[in-house]
Amino acid sequence: MPEYVIAPSILSANFARLGEEVDAVIGAGADFVHFDVMDNHYVPNLTIGPLVCEALRRHGVTAPIDVHLMVRPVDRIVPDFAAAGASYITFHPEASDHVDRTLQLIREQGCKSGLVFNPATPLTWLRHVIDKVDMVLLMSVNPGFGGQGFIDYVLDKVAEAREIIDASGRDIRLEIDGGVKIDNIRRIAEAGADTFVAGSAIFGTADYAATIGRMRAELAAASR
Ligand code: DX5
Ligand code: ZN
């Protein structure tokens with residue numbers, strides 16, 4: 001696993017050509033496919049489900065698929081995503097009635113598990129279940145839409161999460177999602193993130209490789 005992971009959010013891809021878009025972005029140097037699942041209930045938007053994940057696998061996508069569930073309830077859909085080829089499954093603790101049980105379920109299904117924290121959701125939940133988590137995902141926008149602006153106060157939370165993870169001594173990725181761009185990715189890395197979701201900043205540009213290359217150059221210049 002590279003030190004820094006770039007995970008383009010396919011929410012901003014051209015859905016009419018999704019397989020080609022994913023091939024292009026992985027060919028351009030991306031590491032993970034970030035897969036945003038919205039249910040028009042937990043968040044006010046509706047996107048894609050396990051059938052699309054499975055279709056990407058059948059298309060030949062071998063990169064890790066990072067499934068970000070913005071759905072309520074959570075547990076019903078977890079086995080479907082595991083069967084569809086998800087690598088990571090992350091969910092918002094507010095959307096699950098039994099957070100510990102959901103984390104266990106994700107791992108039992110053979111996937112890596114993660115908790116997602118909205119900008120104003122405290123990290124307290126994490127302390128109790130850190131042994132059941134492979135990924136911490138911090139939202140730097142309110143979930144539901146691509147193309148929103150990065151919420152700056154989340155940088156303090158990135159630093160706080162980094163401290164909790166390092167103190168645990170566990171192998172847990174710290175991912176940031178929302179408003180990540182070439183011009184702020186370095187600051188976010190310096191705060192402690194190692195995995196970067198970017199939707200509009202990548203799919204909104206003509207040359208994915210050039211954009212990802214500029215992001216990597218910023219990351220290489222980050223001091224920690
Ligand atoms: C928002 C999603 C994000 C979103 C990021 O709810 O979780 O993954 O697609 O899009 P950008 O990078 O455009 O903010
Ligand atoms: Zn996301």
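Conventions and cut-offs
Residues numbered from 1 in each chain as written. Chains lettered and ligands numbered in written order. Predicted model: local features only at pLDDT ≥ 70, side-chain atom pairs only at ≥ 80, totals over all residues. Heavy atoms only, no water. Pairing = 2+ DSSP bridges. Helix = DSSP H or I, 4+ residues; strand = E, 2+ residues; numbered from the N terminus. Axes fitted to C-alpha atoms, helices over the stretch in contact; angles between N-to-C directions. Contact = heavy atoms within 4.5 Å. Donors = N, O, S within 2.8 Å, 3.2 Å for Na, K, Ca; no water. Tetrahedral: all angles 85-135°; square planar, octahedral: opposite > 155°, others 65-115°. Near = heavy atom within 4 Å. Polar contact = N/O pair within 3.5 Å; in protein donor to acceptor, adjacent residues only side chain to side chain. Areas by Shrake-Rupley, 256 points an atom, 1.4 Å probe, with all protein chains shown as cover. 1 Å grid on protein atoms, 1.4 Å probe; cavity = no way out; pocket = protein on both sides within 12 Å on 5 of 7 lines; lining within 4 Å. Sits in = over half its atoms within 2 Å of the grid points. Nonpolar A, V, L, I, M, F, W, Y, C, P; charged D, E, K, R; others polar. Expected span 1.5 Å × (residues − 1). Buried < 20%, exposed > 50% of the residue type's maximum accessible area, 1.4 Å probe, protein only. Arc of directions from axis to C-beta.

Concerning the sheet that holds strand 3 (residues 65–70)
Right, so step 1: Reading across from one edge, 1-8-7-6-5-4-3-2 is the order of the eight strands in this open sheet, with parallel pairing throughout. Two strands lie at the open edges of the sheet, namely strand 1 (5–8) and strand 2 (33–38), each paired on one side alone. When strand polarity is set aside, the average angle formed by the axes of neighbouring strands in this sheet is 25°.
Right, so step 2: Against the sheet, helix 6 (residues 154–168) engages strand 5 (112–117), strand 6 (135–139) and strand 7 (173–177), with an angle of about 165° to strand 7.
Right, so step 3: Packed on one face of the sheet, helix 9 (residues 208–220) meets strand 1 and strand 8 (195–198) and runs near 145° to strand 1.

Concerning the coordination of the zinc ion (ligand 2)
Right, so step 1: Bound to the zinc ion (ligand 2) are the protein donor atoms His 34 (NE2), Asp 36 (OD), His 68 (ND1) and Asp 177 (OD), situated 2.0 to 2.2 Å from the metal.
Right, so step 2: Of note is the zinc ion (ligand 2), whose six donor atoms meet at the metal with angles of 69 to 169° in an arrangement that counts as octahedral.
Right, so step 3: Here the donor residues of the zinc ion (ligand 2) are spaced in sequence according to H-x1-D-x31-H-x108-D. Pair noted here: Asp 36 is in strand 2 and Asp 177 is in strand 7, with a separation of 141 residues, a long-range link.

Details of the site of ligand 1
Right, so step 1: The immediate surroundings of ligand 1 are formed by 20 residues, with Asp 36, Gly 147, Asp 177, Gly 199 and Ser 200 found nearest.
Right, so step 2: In this structure, an oxygen atom belonging to ligand 1 sits 2.8 Å away from a main-chain N or O atom of Gly 147.
Right, so step 3: Within the backbone of Gly 199, an N or O atom sits 2.8 Å from an oxygen atom of ligand 1.
Right, so step 4: In the complex, the protein chains occlude 100% of the 380 Å² of accessible area that ligand 1 would expose alone.
Right, so step 5: Of the pockets mapped on this structure, ligand 1 occupies the largest cavity.
Right, so step 6: Listed by contribution, the elements that provide at least two residues to the shell around ligand 1 are strand 2, strand 3 and strand 8.
Right, so step 7: Considering each element in turn, the shell around ligand 1 owes the most residues, three residues, to strand 2.
Right, so step 8: Partitioning the shell around ligand 1 into residue classes produces eight nonpolar, 10 polar and two charged.

Comments concerning helix 9
Right, so step 1: If you check helix 9, its first and last C-alpha atoms are 18 Å apart, about what 13 residues at 1.5 Å a residue would give, namely 18 Å.
Right, so step 2: Looking at helix 9, one finds that the buried residues are Tyr 208, Thr 211, Ile 212, Met 215 and Leu 219. Relative to the axis of helix 9, the buried residues are bounded by an arc of 95° and lie together on one face. Those residues of helix 9 that are exposed and aimed more than 90 degrees away from the buried face are Arg 214 and Ala 220.
Right, so step 3: Contacts made by the buried residues of helix 9 are with strand 1, helix 1 (18–27), helix 7 (185–191), strand 8 and helix 8 (200–203).
Right, so step 4: Structurally, the start of helix 9 carries an N-cap: the backbone nitrogen of Ala 209 is 3.2 Å from a side-chain oxygen of Asp 207.

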